[in-house]
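Architecture at a glance
Letter by letter, the chains look like this.
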Amino acid sequence: MEMLNIKINGKDYSVEKNTTILEACHQFGIKVPTLCYLKDINEIGACRMCLCEVKGARGLVAACVYPIEREGTEIFTNTPQIRKYRKMNLEHLLSNHDKKCLSCPRNDNCELQKLCLEYGVDEEKFQGEETKYKEDKSTLHLVRNNNKCILCRRCVAACKNQYVSVIGANNRGFDTAISCAFDQDLDQVSCVSCGQCTVVCPTGALVERDDTAKVFEAIADPTKHVVVHTAPSIRATLGECFGMPIGSNVTGKMATALHMLGFDKVFDTNFGADLTIMEEGTEFIHRVKEGGTLPMITSCSPGWIKFCEHYYPDLIPHLSTCKSPQQMQGAMIKSYYAEKAGIDPKDIVVVSVMPCVAKKFEIKRDNQGRDGMQDNDISISTRELAKMIKTAGIQFTELEDGEFDPIMAIGSGAGTIFGASGGVMEAALRTVADILTGEDLAEFEYKEVRGMDDVKEATYNVAGIDVNVAVTSGLKNAAKLLDEIRAGKSKYHFIEVMCCPGGCINGGGQPIQPGHVRNFVDLREKRAEALYDDDRHLPFRKSHDNPEIKAIYDEYLGEPGSHKAHELLHTSYVKRKKY
Amino acid sequence: MMGSGGLIVMDETTCMVDIAKFFLEFTVDESCGKCTPCRIGTKRLLEMLDKITKGQGTLEMIDEMEELCYFIKANSLCGLGQTAPNPVLSTLRYFRDEYIAHVVDHKCPAGVCKDLLEFHIDKDKCIGCGMCARKCPVSTIHPSDYIAPGKKKPAYQIDTSKCVKCGACIDNCKFGAVSKG
């Protein structure tokens, strides 16, 4: 590793050769503004916000893509000229922007707005023709408003990174717009609804569809029994919306806040995750013993399911028939819970809080729900829950810890780690190994499948059978494994796929961290660590040990994979086209 | 410097503001739209030039334009944006007086910018043949009450409020009686 002595703004530093100016500045506590840069996936130097002066270089250079190669390089990031140009750059962006900050969903969390504040812009400096677009509200999961788009192309990169690429730049010059081929609406193309574009958008051009009004309305309706359940990963991320450090576990505060919001019952989707493991684990054992389609692939992630349906419809038989934890929980609330509490399921409104915007699509899928009822009525994202808490005036950070409500209050550690890539596999292995050996195994941490590598693989000897497993997240990586299966070369028995890179903790509905944070901090690792830490401290760490899970099978479902379980907890998939 | 730097010969009948606008229209069309200075900057520059050629410019606008040119040059990602403002900068450097004539006097010295032109008939030169009136596509030229000394017919005059500045009258007057400015 070669170190170079350089100067930044006249001060001496030492950096590794080929570090970019942006990274070097970050190391030494200097923030260089960026709008388009996303580490590894969007290094295009297009927004021109990060321009810096390098002594001897021809013109200004883009800090995000300029590697420091020479000893003695002198860099200036904060000269009057650079400040003036950055300000002008922002003023140009504003001259073709709708500037409706007060009603913008990203007000107060907008990267453009923050930079405008830092550089003291005059929003009327440049005036002229503005491009006008109609909002695309065609899909269930997001709303696209190109009048707020600054053409940074982060969304295009995020979509490409998911191997979906349904959005890109249409037209050129001043008329450039990010949209689908032939300017079709998003519901006309094979968008998988992952929402990764909404997480990286620096402005309010791509936002989740806001369903909070429906939730408030349901809570205010005295004839409705409103039940909420929260996904495993929400507890590791919700705090970020209230200024808490990344990776804070806020399970208790969240339960209190949900009770304060007026929900009649507050359940934990970890229970649904445990139920998923019981069903999925049983299905896997069945497939191995009966010679079913292998490898079996998990089905918890609705974005991944839609991807498979669009792009690999021939591999649908490999998908587990289990519903996702969200759908299982909803189905159980409207059957088991309704029966126990003596409430007509038609009067129950189930609200799910998910790290995901594809869940908004999933709740309305065919083959989910029954008797004309959806399993879940409304699905909101982490961000929407945070918004509701703020609207209700609840001082989240000051709340006492609360508890979830029985009969779906307990989630095992296996359920909690569902939120991180590798978690479903580990949870399933914990249960499958115990069932097959008939013992309560003391060694149940499968660390090989943890972490943020693209593809993690391992072979475990479970009761004399070698089980080859693979875990992947991000559809780009999933596609590699799927191509192997298609070619008949896959050696795996069981594969976990999560749509979003890193799993649900990095889902499309999770809190938005600005570029200057996400480029330098691995959000996934910090958030995942909160879940693994939660797992270590829970009394039950295997799904089948969860007493409420035992109760539901004893009292209601019979045994995993029973006829009733199949009716309520399993589903089917459809082949979709790419175009 | 115009375009790719080829040699272009122009005389006093070419308006320097208009020619800068012409070259800029090309780069605005050709901009790929990736970087902000080229995508929006060249568009705003063109809009400023357009205002100047319509007599809506101000002296401050000329300074702002110059500042904008240097911004686009220094900040654009590729050669297209980096050279796009050259025609404006070159004309500002060597023909600033033409820009000033446009914004202060609201005149186009080369007689190109239509919004700044008015057509007149010199009644003493006009012999009243009526050729201009017959060629006028909007019938805005009519005989006046004035007969110049030594002429037999009344001189013609142009109703400038209806004139579309097509130049047909100038082209067809054999006596040099029609002028623009």
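Residues numbered from 1 in each chain as written. Chains lettered and ligands numbered in written order. Predicted model: local features only at pLDDT ≥ 70, side-chain atom pairs only at ≥ 80, totals over all residues.

On to the overall build of chain B. Counting its regular elements, chain B contains eight helices and four strands. Reading the helices (α) and strands (β) of chain B from amino to carboxyl end gives α-α-α-α-α-α-β-α-β-β-α-β. For 181 residues, the compact-globule estimate of 2.2 N^0.38 gives 16 Å, and chain B exceeds it by more than 25% at 21 Å. For chain B, the spread of C-alpha atoms along the three principal axes comes to 70 × 30 × 25 Å. Within chain B, buried positions represent 35% of all 181 residues. For chain B, restricting intrachain contacts to residue pairs at least 6 apart in sequence, the fraction spanning at least 24 positions comes to 67%. (Helix = DSSP H or I, 4+ residues; strand = E, 2+ residues; numbered from the N terminus. Rg over C-alpha atoms; globule rule 2.2 N^0.38 Å. Buried ≥ 20, exposed ≤ 12 C-beta atoms within 10 Å, placed from the backbone. Contact = placed C-beta atoms within 7 Å.)

Here we come to the environment of Asn86 of chain B. Residues and elements named next belong to chain B. Its place among the elements puts Asn86 in helix α5 (residues 86-94). Here Asn86 falls in the buried class, since 20 other C-beta atoms lie within 10 Å of it. Asn86 sits 59 residues away from Thr27 along the chain, and the two C-alpha atoms are 11 Å apart.

A general feature of soluble globular proteins is that nonpolar side chains tend to end up buried together. Among the nonpolar cores identified, the biggest contains 192 residues, and Cys50, Ala63 and Cys155 of chain A together with Leu45 of chain B are the most heavily contacted of them. Ignoring sequence-local partners within four residues, the contact set of Leu45 of chain B consists of Leu24, Met65, Leu68, Cys69, Ile72, Pro85 and Val88 of chain B. Counting residues in each nonpolar core, the second largest holds 13 residues, with Ile121, Tyr156, Ala177 and Val178 of chain B among its members. (Core = buried A, V, L, I, M, F, W, Y, C linked by C-beta atoms within 7 Å.)

The subject of this paragraph is the domain arrangement of chain A. Residue and element names in this part refer to chain A. Assigned domains of chain A: these are domain 1 (3-78), domain 2 (96-208) and domain 3 (213-569). Relative to domain 2, the C-alpha centre of domain 1 lies at a distance of 27 Å. Classifying every residue of the side of domain 1 that touches domain 2 by side-chain character gives eight nonpolar, one polar and no charged. (Domains from an automatic or database assignment. Nonpolar A, V, L, I, M, F, W, Y, C, P; charged D, E, K, R; others polar.)

This brings us to the pairing of strand β13 (residues 348-354) of chain A. Side chains on a regular strand alternate between the two faces of the sheet. Residues and elements named next belong to chain A. Burial runs high along β13: seven of the seven residues are buried. By the alternation rule, side chains of β13 split into Ile348, Val350, Ser352 and Met354 and Val349, Val351 and Val353, which are all buried. Two elements, strand β10 (residues 225-230) and β13, share six bridges in a ladder whose sense is parallel. Residue His229 lies in a different strand from β13, and its bridge partner there is Ser352. The sheet contact formed by β13 and strand β14 (residues 378-381) spans four bridges and is parallel. Bridging across to β14, Val353 finds its partner in Ile380. (Pairing = 2+ DSSP bridges.)

Our next topic: the sheet that holds strand β2 (residues 11-16) of chain A. All names here are of chain A. Read from one edge to the other, the open sheet built from five strands follows the order β2-β1-β5-β3-β4, with strand pairing classed as mixed. Across the chains shown, the open sheet's two edge strands, defined by having one partner strand only, are β2 and β4 (61-62). Where strand β3 (residues 51-54) lies against strand β5 (residues 74-76), two bridges are found, and the strand directions are antiparallel. Residue pairing across strands places Val54 opposite Ile75, the latter belonging to β5.

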